[in-house]
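Observations on the model geometry
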Amino acid sequence: MSLDTHLLEYVLRLADSDLVLAQRLGEWVGKGPVIEEDIALTNVGLDLIGQARMWFNYAGEVEARIKGTGRDEDQFAFRRDAHEFRNLLLVEQPNGSYADTLARQFLFDHWHLLALRALARSKDARVAEIAAKGAKEAAYHAERSSDWVIRLGDGTDESHRRMQAAIDELWRYAGEMFVPDAAETELAAAGIVPDARALQAPWDAAVDAVLAEATLVRPPAGYVQKGGKQGRHTEHLGHLLAEMQFLQRAYPDARW
Amino acid sequence: MTTPEQDAVAAITVEADRAAERGGTRVSLDAIWDALSTVPDPEIPVVSVVELGIVRAVEWTATGLEVRVTPTYSGCPATELIMDGIREALAEAGIVDARVTTVLSPAWTTDWIAPEARPKLAAFGIAPPGQAASRVEVTGISPLRRSREPVACPRCGSTETALLAQFGSTACKALYRCESCREPFDYFKPH
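These numbers come from a predicted model, not from an experiment. (Residues numbered from 1 in each chain as written. Chains lettered and ligands numbered in written order. Predicted model: local features only at pLDDT ≥ 70, side-chain atom pairs only at ≥ 80, totals over all residues. Heavy atoms only, no water.)

1. Brief notes about the packing of helix H6 (residues 125–153) of chain A against helix H9 (residues 200–213) of chain A
Residue and element names in this part refer to chain A. The criterion, for reference: Only C-alpha atoms enter the line fits that serve as axes; for helices the fit covers just the stretch in contact. Angles between N-to-C directions range over 0 to 180 degrees. Strands here are runs of E lasting at least two residues and helices are runs of H or I lasting at least four, both read from the DSSP assignment and numbered beginning at the N terminus. Small angles under 35 degrees read as roughly parallel and large ones over 145 as roughly antiparallel, with 65 to 115 read as roughly perpendicular and the rest as oblique. Two residues form a contact once any of their heavy atoms are found within 4.5 Å. Throughout, the ten residues Ala, Val, Leu, Ile, Met, Phe, Trp, Tyr, Cys and Pro are labelled nonpolar, Asp, Glu, Lys and Arg are labelled charged, and all others, Gly among them, are labelled polar.
H9 packs onto H6 with a crossing angle of 30 degrees between their chain directions and a minimal axis gap of 8 Å. Classified by the angle between their axes, H6 and H9 sit roughly parallel to one another. Each of Ser146, Val149 and Ile150 in H6 lies in contact with H9, whose residues at this interface are Val210, Leu211 and Glu213. Classifying every residue of the contact of H6 with H9 by side-chain character gives 4 nonpolar, 1 polar and 1 charged.

2. Points about the confidence of the model for chain B
Residues and elements named next belong to chain B. As a reminder, the rule being used: Per-residue confidence from the predictor is given as pLDDT, running between 0 and 100.
For chain B, mean pLDDT is 84; residues scoring 70 or higher make up 79% of the total. This stretch, residues 138–145, has a pLDDT under 50; its non-local contacts, to residues over four places away or in other chains, come to 20 contacts. For this predicted complex, the interface confidence comes out at an ipTM of 0.87, alongside a pTM of 0.90.

3. Here we look at the pattern of salt bridges
Rule in force here: Salt bridge, as used here: a side-chain nitrogen of Lys or Arg that lies within 4 Å of a carboxyl oxygen of Asp or Glu. Throughout, exposure labels follow a simple rule: accessible area from a 1.4 Å probe, protein chains only, divided by the maximum for the residue type, with under 20% read as buried, over 50% as exposed, and the rest as partly exposed.
Inspection of the entire model under this criterion finds 31 salt bridges over all chains. Between B:Glu66 and B:Arg68 there is a salt bridge, and its shortest N-O distance comes to 3.4 Å. Residue class for B:Glu66 comes out buried when judged on its relative accessible area of 11%. Among the ionic pairs, B:Glu179 bridges to B:Arg182, the shortest N-O distance being 2.9 Å. According to the relative accessible area criterion, B:Glu179 is partly exposed, its value standing at 33%. Through salt bridges that share partners, A:Arg13, A:Asp181, A:Glu184 and A:Lys229 make up one connected network.

4. Quick look at the sheet that holds strand E2 (residues 64–69) of chain B
Residue and element names in this part refer to chain B. Selection rule: Strands pair, by our definition, only if DSSP identifies at least two bridges between them.
Reading across the sheet, the 3 strands line up as E1-E2-E3 and stay open at both edges, with mixed pairing between neighbours. A single partner strand is all that each edge strand has here, and the edge strands are strand E1 (55–61) and strand E3 (99–102). The sheet shows a mean angle of 20 degrees between the axes of neighbouring strands, direction not considered. Both E1 and E2 contribute to a ladder of 6 bridges, which runs antiparallel. Bridging from a neighbouring strand, Glu59 pairs with Glu66 of E2.

5. Quick notes on the packing of helix H5 (residues 98–119) of chain A against H6(A)
The angle between the axes and the distance between the axes are what describe a pair of packed helices. Residue and element names in this part refer to chain A. For clarity, the cut-off: Here a crossing is called left-handed whenever its near helix is offset anticlockwise from the far helix by less than a right angle, and right-handed whenever the offset is clockwise.
Look at H5 against H6: their axes get within 7 Å of each other, and the N-to-C directions meet at 145 degrees. In the packing of H5 onto H6, the handedness of the crossing is left-handed. In the contact of H5 with H6, the residues fall into 16 nonpolar, 7 polar and 3 charged.

Put into structure tokens, the structure is as follows:
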């Protein structure tokens, strides 16, 4: 397999994680607990959609280098089935309660920030420039979700209980972020992407500091659910795509 | 709707402009920057795209004019409108075949907002951003305990202000409240 084949796979992982999480956040439109949160979640989603578009466009360029032609952003987003998506399992998990949504965001944001900062030093100039732009937004997302984990964790008995339960429930999906496969290992050896394992220690430090301040307990190391990066998803992704892709599936190439 | 006569006149005008360019009478870069300075940010119309710092370069190349623009936030929905506005302003300045391209690197920062735009933002009710370079790194630092840079109320100038929400009316703003005059206001986030 050529390095470009691995790169296409990796760029799609980034794009799909951004897109799927943005779609989840978009499900909160009009349903946020308060209007400020409604607006905030969708603004975070908007940043992620913007980043997804940049990654999809680059994926199309890489695909064109491999095959002669490459798909565009809409084809990637709306014309692939669940097994072709490469997003992390964490981001496709349902919104649940507000604690669940924030816990998912918090675990993702700290990985996202570290990954993008490392990717900003990629030997691939396009990867580096897209990551450098996204990292600034991810920093703000991490600040925001950490802020909420602390507020709810160190809040009332009820908010504490729910936040701890949400962290416990989602923890099994976080480990996937730090388990590289062959594609990632080869790209890392070429200096194009960071070693996924190297992100674990700084992620632990950041997450542990916030959990401690939130009076929450870090769940014990346990079973790690993997497969999203290889297209093996939980049952939730198909439902999400059914809604997200409906229009383009029912009315291909619709424009307005 | 335009009449066939108007269309014909417009076509002749365009042809004349092209001929002028080919003849070497190119519009000066100063005039082009002036034209771009008339393009407002769609969300904050008191500030131009030039003052916002997103027009990174304007140059005549062998194949025509090239204008390089960088987006503010990745997902900013105003980006496409801004690109259209830039093309329109260039067309009005007599340049119809400019290439308006997007550059991502270096990433836009609010530190590029022109000093003269800051009072305009405040007059419009938006507190101008603090220095982005001075932002404290978030990783591993408690966000709640971290002291935030004081933000002055754009109405009464008081720095007794409190963050209400990390996002305001757009991705680039946060929502604050002034504890002195009790009015809510947008803060252009340092980015």
